[in-house]
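Residue-level listing of the chains:
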Amino acid sequence: MRRALELAQRGMGHVSPNPMVGAVIVKDGRIIGEGWHEHIGGLHAERNAFKHCTEDCTGATIYVTLEPCCHWGRTPPCTDAILEHKIARVVVGCLDPNPLVAGKGLEILRGAGIECDSGVLEDECHAINEVFFHYITTKKPYVVMKYAMTLDGHIAAYTGDSKWITGETARAQVQQTRKWLSSIMVGIGTVLADDPMLNCRIEPGVDPIRLVCDSTLRIPLDSQLVRTAKDIPTWVFCANADVRRKTALEDAGVKVIPLPDESGTHVDLAAAMDYLGQEQVDSVLLEGGGTLNGEALRLGLVDRVQAYIAPKLIGGATARGPVEGPGIARMADALTLDDLTITRLDDDILIEGRIRKD
């Protein structure tokens, strides 16, 4: 199962909104086939393992990180393939919460006389597909709020300068997160201040969809995001869409999506997340400033926080912080993180955890 987990994670950045899955076929104590879900629309892990099998599978055991599917999607049911290859035993890491599966896969296999076990390295198998489990049960994207700040709580100097707060190792870790999640969102303030590219710089072809919250379409036509919009999907959420401005952006390859809030002056961030879910965007990395982060937290949209902390002090009464907005009045009402991990990245520290949602 550990080998199956290793294989599964090779699909990161290539299979969204499907889960990452790995499979290993064992016969007489020997691995005779292995595979993983390599890309969306491609063979599932089980069928890939059978494809690469070196000998007859009759009587073998297959280890799979996620319960085999039993329904038609882009590919045929994996339960059919297991039956066709006369597998004797199926060992599963965790069950699939997809209502089309949800235990039915193992039920079919047991009904055919195949021995089935589940729950092997269950926590690890669940962890690699945290995004999938959230999306398949809520139909809303899994939202990770990431920021880098100094030890005294600032994301930029009072002048606006922010390059660089953290070191190269921490910044490389962020690129892994960009590969893991299917989209990245910033506010227009970040675009105007930094002119970011928002791509994944560790593996070509797995760039996240770039999302900008820009109420009045102030995004410059000569910004990096607009100039590369025909190469990397770039979506702009707005409140008031000037027709000429909207047309110019669309001609450049930008997808403009009007989603005003009740006031008609700002982007409805909750509606934007609903829209992304409907478009099968299963995850969002928030890399904006304090305004975007504060609104996302206020609306209860954030699922996980990644806080990179650098051992630097810059001071400044007007220096920006990572979370702004109206804030919380009482400490008793503060949002709390569970399942904390603390990672040393050279001189910097990453504190990560899930937002507690009672």
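Residue indices follow the written sequence of each chain, beginning from 1 at its first position. Per-residue local features are limited, in this predicted model, to residues with pLDDT of at least 70; the limit for side-chain atom pairs, both in listing and counting, is 80 or more; totals at the level of whole chains, interfaces and linings are taken over all residues. Values shown for side chains rest on all heavy atoms present in the structure; no hydrogens or waters enter the calculation.

A few words now on the nonpolar core. We define the nonpolar core as a collection of buried residues of types Ala, Val, Leu, Ile, Met, Phe, Trp, Tyr and Cys that are connected through side-chain atoms lying within 4.5 Å of one another. Working definition: with a 1.4 Å probe on protein chains only, accessible area under 20% of the residue-type maximum means buried, over 50% means exposed, and in between means partly exposed. Membership of the largest hydrophobic core comes to 40 residues, with the highest contact counts inside it found for Ile25, Phe50, Ile62, Ile82, Ile87, Val90 and Leu109. Here isoleucine 87 is in contact with Ile25, Phe50, Cys57, Ala60, Ile62, Ile82 and Ile114, once residues within four sequence places are set aside. Ranked by size, the runner-up nonpolar core spans 31 residues in total, among them Met149, Val267, Val281 and Ala307. Throughout, a contact is declared for two residues whenever any of their heavy atoms are within 4.5 Å.

This next bit is on the sheet that holds strand S13 (residues 337-345). What links the strands of a sheet is backbone hydrogen bonding, and the strands pair in either a parallel or an antiparallel sense. Taken in spatial order, the nine strands make up an open sheet running S10-S9-S8-S7-S11-S6-S12-S14-S13, and their pairing is mixed. Single-partner strands in this sheet number two, and they are strand S10 (255-258) and S13. With strand direction ignored, the average angle separating the axes of adjacent strands in the sheet is 20°. Strands are treated as partners if at least two bridges between them are detected by DSSP. Secondary structure elements are defined from DSSP: runs of H or I of at least 4 residues count as helices, runs of E of at least 2 residues count as strands, and each element is numbered from the N terminus. Examined bridge by bridge, strand S6 (residues 142-150) and strand S11 (residues 283-286) share four bridges and lie parallel to one another. Following the sheet pairing, tyrosine 142 is matched in S11 by serine 283. Lying over the sheet, helix H7 (residues 168-180) contacts S6, strand S7 (183-187), S11, strand S12 (304-310), S13 and strand S14 (348-355), oriented at roughly 165° with respect to S12. To obtain an axis, a line is fitted to C-alpha atoms, over the contacting stretch when the element is a helix, and the angle between two such axes runs from 0 to 180 degrees between their N-to-C directions.

Moving on to the environment of arginine 210. Relative to the assigned elements, arginine 210 resides in strand S8 (residues 209-213). Taking the C-alpha atoms as reference points, arginine 210 and valine 267, 57 residues apart in sequence, are found 16 Å from one another. Sequence-distant contacts of arginine 210, defined by excluding residues within four places in its chain, comprise Ile184, Met197, Leu198, Gln224, Leu225, Thr228, Ala229, Ile232, Pro233, Thr234 and Trp235. Within the local environment of arginine 210, its side chain forms a polar contact with the backbone oxygen of leucine 225, the two atoms lying 3.1 Å apart. As used in this structure description, the phrase polar contact means that two N or O atoms lie within 3.5 Å; if the pair is within protein, one of them must be able to donate a hydrogen and the other to accept it, and residues adjacent in sequence are counted only when both atoms belong to side chains. Here threonine 228 takes part through its side chain, which lies 2.8 Å from a polar atom of the side chain of arginine 210.

UniProt positions are given in the numbering used here, feature names are shortened, and annotations may be inferred rather than shown by experiment. Here, the residues flagged by UniProt with the feature "binding site: substrate" (unreviewed entry) are Ser162, Arg178, Leu198, Arg201 and Glu287. Mapped onto the fold, serine 162 is located in the loop between S6 and H7. Beyond its immediate stretch of four places on either side in the chain, serine 162 contacts Ile155, Ala156 and Asp194. Examined against the element boundaries, leucine 198 turns out to sit in the loop between helix H8 (188-194) and S8. Residues contacting leucine 198, with those up to four places away along its chain left out, are Arg178, Ile184, Val186, Pro208, Arg210 and Leu225.

We now examine the environment of threonine 75. Position of threonine 75 among the secondary structure elements: in the loop between strand S3 (61-66) and helix H3 (78-84). A relative accessible area of 7% means that threonine 75 is categorised as buried. Threonine 75 sits 217 residues away from leucine 292 along the chain, and the two C-alpha atoms are 39 Å apart. Discounting chain neighbours no more than four positions away, the residues touching threonine 75 are Gly41, Gly42 and His44.

For the rest of this paragraph, the subject is the pattern of salt bridges. Salt bridges, as used here, are contacts in which a Lys or Arg side-chain nitrogen is within 4 Å of a carboxyl oxygen on Asp or Glu. Under the criterion given, the structure shown has 21 salt bridges. Of the charged contacts, one joins arginine 354 and glutamate 130 as a salt bridge, the two residues approaching to 2.4 Å between their closest N and O atoms. You can see arginine 354 sitting in strand S14 and its partner glutamate 130 sitting in helix H6 (residues 130-138), a full 224 residues away along the chain. Given the relative accessible area of 29%, arginine 354 is considered partly exposed. A salt bridge links arginine 320 to glutamate 324, with the shortest nitrogen-to-oxygen separation between them at 2.6 Å. With a relative accessible area of 40%, arginine 320 lands in the partly exposed category. Residues joined in a network through salt bridges with shared partners are Glu130, Arg304, Asp339, Glu352 and Arg354.

Bringing the domain arrangement of the protein into the picture now. When its domains are assigned, the protein resolves into domain 1 (1-130) and domain 2 (141-355). Listed as interface residues are seven residues of domain 1 and, on the opposing side, eleven residues of domain 2. Buried surface at the junction of domain 1 and domain 2, both sides included, amounts to about 830 Å², of which 51% is carbon and sulfur. By convention, the term buried area covers the 1.4 Å-probe accessible surface removed from two parts as they join, with the contributions of both added. For the domain 1 face of the interface with domain 2, the top three residues by lost area are Met12, Pro17 and Glu130, together amounting to 60%. Our count for the domain 1 to domain 2 interface comes out at two salt bridges. Residue ranges for the domains originate in an automatic or database domain assignment.

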